[in-house]
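# Fold and geometry: a report
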Amino acid sequence: MNDSVDRTALWPLLTGHAMLHLLSPGGRRARLSILIYHRVLPCQDPLFPEECYAQSFDQEMEQLAACFRVISLGEAIRGLHNGTLPPRAACVTFDDGYADNAEIALPILKKRGIPATFFVATGFLDGGRMFNDTVIELIRRAPGSTVDLDSLGLGRFPIGTVPERRQTIHQLLGKLKYLPSESRQWTGEAMSALIPVMLPDNLMMTSEQVRMMHNAGMEIGGHTASHPILAQMENSAAYADIATGKEMLEGIIRAPVQFFAYPNGKPGRDYLPDHVRMVKKLGFDAAVSTAHGAAGKGSDLYQLPRFTPWDRRPLRFALLMARNMLKTGETV
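The written sequence of each chain sets the order in which its residues are numbered from 1. Given that this is a predicted model, residues contribute local features only at a pLDDT of at least 70 and side-chain atom pairs are listed and counted only at 80 or more, while totals for whole chains, interfaces and linings are drawn from all residues. Derived side-chain values reflect all non-hydrogen atoms in the structure, with water molecules and hydrogen atoms excluded from consideration.

### Some words on the overall build of the chain
Under the convention used in this document: By definition, any uninterrupted DSSP run of H or I lasting at least four residues is a helix, any uninterrupted run of E lasting at least two residues is a strand, and each is numbered from the N terminus. Our radius of gyration is a C-alpha quantity, and the globule rule it is checked against amounts to 2.2 Å times the number of residues to the power 0.38. The buried label applies to any residue whose accessible area, calculated with a 1.4 Å probe on protein chains only, is under 20% of its type's maximum; exposed applies above 50%, and partly exposed to all values in between. Contacts: residue pairs with any heavy atoms within 4.5 Å of one another. Only the protein chains shown count as cover for residues, and the accessible areas themselves come from Shrake-Rupley with a 1.4 Å probe.
From N to C terminus, the chain includes 11 helices and 9 strands. Here the C-alpha radius of gyration of the chain, 21 Å, is about what a compact globule of 332 residues would show, namely 20 Å. Along the three orthogonal principal directions, the C-alpha set of the chain runs to about 60 × 55 × 35 Å. Looking at the chain as a whole, 53% of its 332 residues are labelled buried. The long-range share in the chain, meaning contacts at least 24 apart out of those at least 6 apart in sequence, stands at 72%. About 14900 Å² of surface is accessible on the chain, with carbon and sulfur atoms providing 54% of the total.

### Some details on the confidence of the model for the chain
We count it as follows: Confidence of the prediction at every residue is given by pLDDT, a number between 0 and 100.
Averaged over every residue, the pLDDT of the chain is 90; residues scoring 70 or more account for 92%. In the predicted structure, residues 1-15 sits below a pLDDT of 50 and forms 8 contacts with residues beyond four places in sequence or in another chain.

### Focus on the pairing of strand β6 (residues 155-158)
The cut-off we apply is this: Strands pair, by our definition, only if DSSP identifies at least two bridges between them.
Burial along β6 is one-sided: G155 and F157 are buried, while R156 and P158, pointing the other way, are not. What sits between strand β5 (residues 146-149) and β6 in their antiparallel hairpin is a turn of 5 residues, with G153 showing a positive phi close to 75°.

### A few points about unusual backbone geometry
Trans is the common state for peptide bonds, and a negative phi is the common state for residues other than glycine. Positive phi, close to 60°, is recorded for D126, a residue that is not glycine. Looking at the secondary structure, you find D126 in the loop between β4 (117-120) and α5 (131-141). If you check the backbone angles, T224 has positive phi at about 70° while not being a glycine. What makes T224 buried here is its relative accessible area of 0%.

### So, the packing of aromatic side chains
Applied cut-off: Centres within 6.5 Å make a pair out of two Phe, Tyr or Trp rings, where for Trp the six-membered ring is used; the pair is then stacked when the planes are under 30 degrees apart, edge-to-face when over 60, and tilted otherwise. Distance and angle both matter: a charge sits over a ring if NZ of Lys or CZ of Arg is within 6 Å of the ring centre and within 35 degrees of the ring normal.
A full pass over the atoms with the stated rule returns 7 aromatic pairs. Between F57 and F94 the ring centres are 5.8 Å apart and the planes differ by 65°, which places this aromatic pair in the edge-to-face class. A residue pair is termed long-range when its members are at least 10 positions apart, and F57 in helix α2 (residues 54-67) and F94 in strand β3 (residues 89-96) qualify at 37 residues. Of the two residues, F57 and F94, neither departs from the other in class, the shared state being buried. Between Y262 and Y271, the ring centres sit 3.9 Å apart and the planes meet at 10°, which makes this aromatic pair stacked. For Y271, a relative accessible area of 0% corresponds to the buried category. Sitting over the face of the ring of F284, K246 holds its NZ or CZ atom 5.2 Å from the ring centroid.

### Quick word on the nonpolar core
Heads up, the rule is: What we call a nonpolar core is a set of buried Ala, Val, Leu, Ile, Met, Phe, Trp, Tyr and Cys residues that are connected through their side-chain atoms within 4.5 Å.
Ranked by size, the top nonpolar core spans 73 residues in total, and within it F57 and F94 carry the most contacts. It is helix α4 (residues 99-112) that contributes the most residues to this core, 6 residues altogether. F57 has contacts with Y37, V40, C52, F94, A105, I108 and L109, leaving out every residue within four places of it along the chain. Counting 20 residues, the second-largest nonpolar core is a separate cluster that includes L47, F48, L154 and F157.

### A word on α4
Which entries qualify depends on this criterion: The span one expects for a helix is its residue count, reduced by one, times 1.5 Å. Note on bend: at a given residue it equals the angle between the axes fitted to the 7 residues ending there and to the 7 starting there.
With 14 residues, α4 ought to run about 20 Å at 1.5 Å a step, and its terminal C-alpha atoms sit 20 Å apart, in line with that. Of all the bends in α4, the greatest reaches close to 45° and is centred on A105; the proline P107 follows between one and four positions later. Of the positions making up α4, those classed as buried are A99, D100, N101, A102, I104, A105, L106, I108 and L109. As for α4, its buried residues are in contact with α2, β3, β4 and α8 (207-215). Count one or two residues on from α4 and you reach G113, which has phi positive near 70°.

### What about helix α9 (residues 235-253)?
What counts is decided by this rule: Relevant arc is that of directions from the helix axis to the C-beta atoms, nothing else.
The end-to-end C-alpha separation of α9 is 27 Å, in line with the 27 Å expected for 19 residues at 1.5 Å each. For α9, the set of buried residues is A238, D241, I242, G245, K246, L249, I252 and I253. All buried residues of α9 fall inside an arc of 130° around its axis, so they share one side. Residues of α9 that are exposed and point more than 90 degrees away from the buried face comprise S236 and E247. Taken together, the buried residues of α9 touch β4, α8, β7 (219-222), β8 (259-261) and α10 (273-281). Where α9 terminates, the next one or two residues include R254, which has phi positive at roughly 55°.

### Here's the deal with the pairing of β4
Inclusion rule: By convention, orient the strands away from the viewer: a clockwise path from the first strand over the helix to the second makes the crossover right-handed.
Because side chains alternate across β4, one face comprises the buried residues T117 and F119, and the other comprises F118 and V120, equally buried. Pairing analysis gives 4 bridges linking β3 to β4, with the strands arranged parallel. Paired with T93 across the two strands is T117, which belongs to β4. Running through α4, the crossover from β3 to the neighbouring parallel element β4 is right-handed. Where β4 meets β7, 4 bridges bridge the pair, whose relative direction is parallel. The partner of V120 across the bridge, within β7, is G222.

In structure tokens, the structure reads:
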């Protein structure tokens, strides 16, 4: 490859790098970008082609490392507190505790030399399944061209094509997401009784995989036990769910769990000021939300914003990250 082709290929990276350095020069003027992920699939999912998979995640980590100084969340928290963040500081985080985090994401992270924090909902370890995955896998595997959920008050849905199945999943999750936890659980079980398919029991990590991640140098964070919408719970129940998750993880990794991620994570909708106080009382050092934005010197360490740019083209990736740096993130 000749020099002119090399320069052309590198131009988006060089342009993005310079732009990001201006926005996050380090020290007290630094901006911390925290990326959020959930699953990293082995290959592209026909039902959700935009979801992260091994090849796309590897490319994104390569791009991230080229544009940012990727550090652990613990190092980032100390830098925010002391005003000593490096230029273009970024962290990588994962929510929920999917098995593919250990099986697919971890080898890629190790290859790229990138640390990450994994926020684990402990109630689904060792063979459990989150309600949204129950809905997704039921509709993915349902036979026929229609699924009839009239008896549950949910309606009838066309599933004859991949786009129809996708739309049905989105509609059902929209109806069920903000139901109380008990109602969601009951509805998931009732749907399973109506749709005659076998559901996977290996979507979430085992306790041994969590321990392996910790031993590999990755940070393990709390994400409650049952992944509820905290804002919909009585305070005593919310506190117990957060505390149980922390206690279970500390028993698994035999080390303190210092960081927490609010389930769903939208300030004012999914968690409230009471829950921020609970997290502090339980001894966490910091917590993250899902409000877009980048953190700065004055940011609330218990409501740090997170973001992921889904466009993987080099210059577009940098532009989206730069735009996100201009936001400070919502708090309650």
